[in-house]
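Here is what each chain is made of, one letter per residue.
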Amino acid sequence: MSGTPRLPMVAGNWKMNTTVAEGVALAAAVLERCSAETAVDVVVLPPFVHLQPVREVLAGSRVRLGAQDVFWEDSGAYTGEVSAAMLADLCDLVLVGHSERRHLLGETDAETGRKLAAAVRHGLVGIVAVGETESEHDAGDTFAVVDRQLDAVLAAQSTALTADGWVIAYEPVWAIGTGRTATPEQAQEVCAHIRVHVERRLGAAPRVLYGGSVSAANAAELFACPDIDGGLVGGASLKPDVFATIVAAAGTR
Ligand code: PGA
């Protein structure tokens, strides 16, 4: 670990869940339970179509809003896509490179890099998800995989990335939605590796989150690790009480 203390971040990735009305209610519940938490950067990542109404719910609060994906071009004939120029009016952050996009939709390392570049170009904080599959994990390739994913992202940047201009989320694919969390030791080891790897290349690393079956039961142990700066939370972010417990665990880090 190096540098000054980093404000922990807990980001709730709602994925493709909730109707707009349910999402507005969930945002209000998160706001009620988490807005007093000043020691944590609390973020919700609803589906695109929820951004405007959820933004109205969160207005004036400390809970920050992000999107789950972005396209790399600013405008044009890209049916169904949403650009960073559009998102910049609605939210502060955007997730890129989530494993579901990489593995279900074929998104490449280079495309993830272009998405981060677009986000940064429009003043959005990009949360870049990286992580190895189970077979890569079992083959001992974890460091090589996350290095390759990060190097591709860094190679796609035309402007300098500042430490607070982006966030990395280490999410082992085998731990996402499976209930099988990496042990704190495993997660710490990879997050520390990521930090050193990025510091070597850029001089400064952003916050590094852990994601993959983060729960009320394991959050405190994970967030106590020196190189884990919070969490990217999927399933548990849909349950406001559980999400608030996870946020509180980050606040005692
Ligand atoms: P999970 O998802 O917490 O449900 O495992 C994490 C993620 O995919 O970001």
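In this report, we go over the structure that sits alongside the text. (Residues numbered from 1 in each chain as written. Predicted model: local features only at pLDDT ≥ 70, side-chain atom pairs only at ≥ 80, totals over all residues. Heavy atoms only, no water.)

Side note on a nonpolar patch on the surface
Defined as follows: Only residues whose relative accessible area exceeds 30% and that form no salt bridge are eligible for patches; like-charged ones are grouped when within 9 Å, while nonpolar side chains (Val, Leu, Ile, Met, Phe, Trp, Tyr) are grouped when within 5 Å. To be clear on the numbers: accessible area is Shrake-Rupley with a 1.4 Å probe, and residue cover counts the displayed protein chains and nothing else. Whenever Lys or Arg places a side-chain nitrogen within 4 Å of a carboxyl oxygen from Asp or Glu, that contact is recorded as a salt bridge. Numbering of helices and strands runs from the N terminus, with a helix taken as a DSSP run of H or I at least four residues long and a strand as a DSSP run of E at least two residues long. Burial classification: accessible surface area is computed with a 1.4 Å probe over protein chains only, and a residue below 20% of its type maximum counts as buried, one above 50% as exposed, and the rest as partly exposed.
A contiguous nonpolar patch, built from V20, F48 and V49 and spanning about 250 Å² of accessible area, is present on the exposed surface. Looking at the secondary structure, you find V20 in helix α1 (residues 20-34). Residue V20 is classed as partly exposed on the basis of its relative accessible area of 35%.

A word on the packing of α1 against helix α10 (residues 240-251)
Our working definition: Axis lines are fitted through C-alpha atoms, for helices just across the contact stretch, and the angle between N-to-C directions can take any value from 0 to 180 degrees. For a crossing to be left-handed, the near helix must be turned anticlockwise from the far one by less than a right angle; the clockwise case is right-handed. By definition in these notes, contact holds between two residues if any of their heavy atoms fall within 4.5 Å. Classification used: nonpolar for Ala, Val, Leu, Ile, Met, Phe, Trp, Tyr, Cys and Pro, charged for Asp, Glu, Lys and Arg, polar for all others including Gly.
Contact pair α1 / α10: the axes reach a minimum separation of 9 Å and the direction vectors enclose 40°. As for the relative orientation of α1 and α10, their crossing is right-handed in sense. Across the interface between the two elements, L26, A29, V30, R33 and C34 from α1 touch P240, D241, F243, A244 and V247 from α10. A class-by-class count of the residues in the contact of α1 with α10 yields eight nonpolar, no polar and two charged.

Description of the packing of aromatic side chains
As a reminder of what qualifies: Here a pair means two rings of Phe, Tyr or Trp (six-membered ring of Trp) with centres within 6.5 Å. Their orientation is stacked below 30 degrees between planes, edge-to-face above 60, and tilted elsewhere.
Applying the stated criterion to the full structure yields three aromatic pairs. Taken together, F71, W72 and Y78 form an aromatic cluster joined through their ring pairs.

What about the sheet that holds strand β6 (residues 166-170)?
Test applied: Strand pairing follows a simple DSSP-based rule, namely that at least 2 bridges must link the two strands.
What the eight strands build is a closed barrel, ordered β1-β2-β3-β4-β5-β6-β7-β8; its pairing is parallel. Going from strand to strand, the sheet's axes swing by 25° on average, the running direction of each strand aside. By the bridge criterion, five bridges tie strand β1 (residues 9-13) to strand β2 (residues 41-45) in an arrangement that is parallel. Paired with G12 across the two strands is V44, which belongs to β2. Its contacts with the sheet put helix α8 (residues 184-202) on β5 (125-130), β6 and β7 (207-211), and the angle it makes with β6 is roughly 145°.

Digging into α10
Heads up, the condition is: Helix span, expected: 1.5 Å multiplied by one less than the number of residues in the helix.
Counted at 1.5 Å a residue, the expected span for α10 with its 12 residues is 16 Å, and the 16 Å between its end C-alpha atoms agrees. Among the residues of α10, those classed as buried are P240, F243, A244, I246, V247, A249 and A250. Taken together, the buried residues of α10 touch β1, α1, β2, α9 (219-223) and β8 (230-233).

Considerations on the pairing of β8
Neither face of β8 is open: one carries G230 and L232, the other G231 and V233, and all of them are buried. As defined by bridge partners, β1 adjoins β8 across four bridges and the pair is classed as parallel. Bridge pairing in β8 places M9 opposite G230. Direction of pairing for β7 relative to β8: parallel, over a ladder of two bridges. When the sheet's bridge partners are listed, Y210 is paired in β8 with G231.

Let's talk about the pattern of salt bridges
As enumerated under the stated definition, the model contains 19 salt bridges in all. In this structure, K115 engages E107 in a salt bridge whose closest nitrogen and oxygen atoms are separated by 2.6 Å. The same class applies to K115 as to E107, namely buried. The partner of R195 in a salt bridge is D227, and the shortest N-O contact between them spans 2.6 Å. Placement of R195 in helix α8 and of D227 in the loop between α9 and β8 is noted, with a sequence separation of 32 residues between them. The same class applies to R195 and to D227, which are both buried. One network of salt bridges, with partners in common, ties together R6, R195, D227, D229 and R253.

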